[in-house]
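Residues per chain are reported as follows:
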Amino acid sequence: MGDFLQIAGTNYRSRLIVGTGKYKDFQETKRAIEISGAEIVTVAVRRVNITDPNKENLLDYLDPKKFTILPNTAGCYNANDAVRTCHLAREAGIGKLVKLEVIGDDRTLFPDIPATLEAAKVLVKEGFTVLPYISDDPITAQKLEDIGCAAVMPLAAPIGSGLGIRNPYNLRIILEHAKVPVIVDAGVGTASDAAMALEMGCHGVLMNTAIANAKNPILMAEAMRLGVEAGRKAYLAGRIPKKLYATASSPLDGMLS
Amino acid sequence: MKVQINGEDKEIADGLSVAGLLKQLQIRPGRVVVERNREIVARDTYDAMFLAEGDALEIVHFVGGG
């Protein structure tokens, strides 16, 4: 039996989902993503530059037949804009998976939860597979699961902050109750943060800045793949309990007297 | 006739279709989605969808994002 991240009935071998923003160029984007092993990649929906339309397109580098394209609603500050963005993304013909994010404030980029709930209701009803970006709040996670979201994606820390998992206890509560995958989205800074998320039992992790803005994005992409794999394996293996005092690793029998 | 494309006022030829406009702008139809007056234009109707004076068009595509 393989170990898969299952989202709405589809199995993914990789538990790492990566963004495509902030890279130096499309070549670097492609190389980092290939090395990360990610099968799902997020993209944003934006206006074409009509004065210079011949620029290369991201999808020229990321074959939608090879990668699952996950369009986001980044930059949307209300439910209507988020739903409109999802409609545009769907028309591009890359599937019905969407990363729903309705931003509440441009300084923290924390989600507007009432607006996220409102948009999620509409999108689920319209047949989208909705993966919502949320704060690390168990009640919100439960509500979005009840609406019919295919996963919940609590933040570890503010988007792009690299602070790592700020509230592991809330994530644990979310994990205890969720019946859909819990994917840590945003705030990861380095490979140990990703490993920690998976060790705790999170089903996946989504990141962009931590790879794209690393000094060496290609090497960091590999580190993240390994971090996610290590964390998942450690979770499956079952860690030892933490104890205050030592337990000898070498036998006490047969000691020289 | 006057239309608005991605928020900018533009003068285009009368009777231009969506397909014709994309061709004129040198945009590959397969990589974009077009919205006309807030309604998405289905890709298989680009040839038959003719633009009218005052139309507001949005032409979008996927870019890098997280």
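Reading the values: the criteria
Residues numbered from 1 in each chain as written. Chains lettered and ligands numbered in written order. Predicted model: local features only at pLDDT ≥ 70, side-chain atom pairs only at ≥ 80, totals over all residues. Heavy atoms only, no water. Pairing = 2+ DSSP bridges. Helix = DSSP H or I, 4+ residues; strand = E, 2+ residues; numbered from the N terminus. Buried < 20%, exposed > 50% of the residue type's maximum accessible area, 1.4 Å probe, protein only. Core = buried A, V, L, I, M, F, W, Y, C linked by side-chain atoms within 4.5 Å. Contact = heavy atoms within 4.5 Å. Buried area = accessible area lost by both parts, 1.4 Å probe. Salt bridge = Lys/Arg side-chain N within 4 Å of Asp/Glu carboxyl O. Expected span 1.5 Å × (residues − 1). Polar contact = N/O pair within 3.5 Å; in protein donor to acceptor, adjacent residues only side chain to side chain.

With respect to the pairing of strand E2 (residues 8-11) of chain B
Residue and element names in this part refer to chain B.
Stage number 1. Note: strand E1 (residues 2-5) against E2, four bridges, orientation antiparallel. Bridging across to E2, Gln 4 finds its partner in Asp 9.
Stage number 2. The turn joining E1 and E2, which pair antiparallel and follow one another in sequence, is formed by two residues; a positive phi near 50 degrees is taken by Asn 6.

Things to note about the pairing of strand E6 (residues 97-100) of chain A
Residues and elements named next belong to chain A.
Stage number 1. Burial of the side chains of E6 extends over both faces: Leu 97 and Lys 99 are buried on one face and Val 98 and Leu 100 on the other.
Stage number 2. Examined bridge by bridge, E6 and strand E7 (residues 129-134) share four bridges and lie parallel to one another. Bridge pairing in E7 places Leu 97 opposite Thr 129.

A few points about unusual backbone geometry
Residue and element names in this part refer to chain B.
Stage number 1. Phi is positive for Asn 6, close to 50 degrees, though the residue is something other than glycine.
Stage number 2. Here Asn 6 shows up in the loop between E1 and E2.
Stage number 3. Residue classification places Asn 6 among the buried positions, given a relative accessible area of 7%.

Focus: the nonpolar core
Stage number 1. With 69 residues, the main nonpolar core has Val 205, Met 207, Ile 211 and Met 224 of chain A together with Phe 62 of chain B as its most contacted residues.
Stage number 2. Contacts of Ile 211 of chain A, omitting those with residues within four sequence positions, involve Val 18, Tyr 23, Ala 32, Pro 217, Met 220, Ala 221 and Met 224 of chain A.

Brief notes about the interface of chain A and chain B
Stage number 1. The partner chain B presents 26 residues to the 31 residues of chain A that form the contact.
Stage number 2. Overall, the association of chain A and chain B removes approximately 2700 Å² of surface from exposure, summing both partners, and the carbon and sulfur fraction of that is 56%.
Stage number 3. For the interface between chain A and chain B, the tally reads four salt bridges.
Stage number 4. With a shortest N-O distance of 2.7 Å, Arg 47 of chain A and Glu 58 of chain B are connected by a salt bridge.

Regarding helix H2 (residues 79-91) of chain A
Residues and elements named next belong to chain A.
Stage number 1. A rise of 1.5 Å per residue sets the reference length of H2, with its 13 residues, at 18 Å; its end C-alpha atoms lie 19 Å apart and thus fit the reference within 8%.
Stage number 2. Here H2 has its buried residues at Ala 79, Ala 82, Val 83, Thr 85, Cys 86, Leu 88 and Ala 89.
Stage number 3. Of the residues that open H2, the one with a side-chain oxygen 3.1 Å from the backbone nitrogen of Asn 80 is Asn 78.
Stage number 4. Gly 93 sits one or two residues past H2 and shows a positive phi near 75 degrees.

Structural notes on the side chain of Asn 208 of chain A
Stage number 1. Following the sequence through the fold, Asn 208 of chain A ends up in the loop between strand E10 (204-207) and helix H7 (209-212).
Stage number 2. Its relative accessible area of 11% is what places Asn 208 of chain A among the buried residues.
Stage number 3. Contact partners of Asn 208 of chain A, with chain neighbours within four places excluded, come to Gly 19, Thr 20, Gly 21 and Tyr 23 of chain A together with Gly 65 and Gly 66 of chain B.

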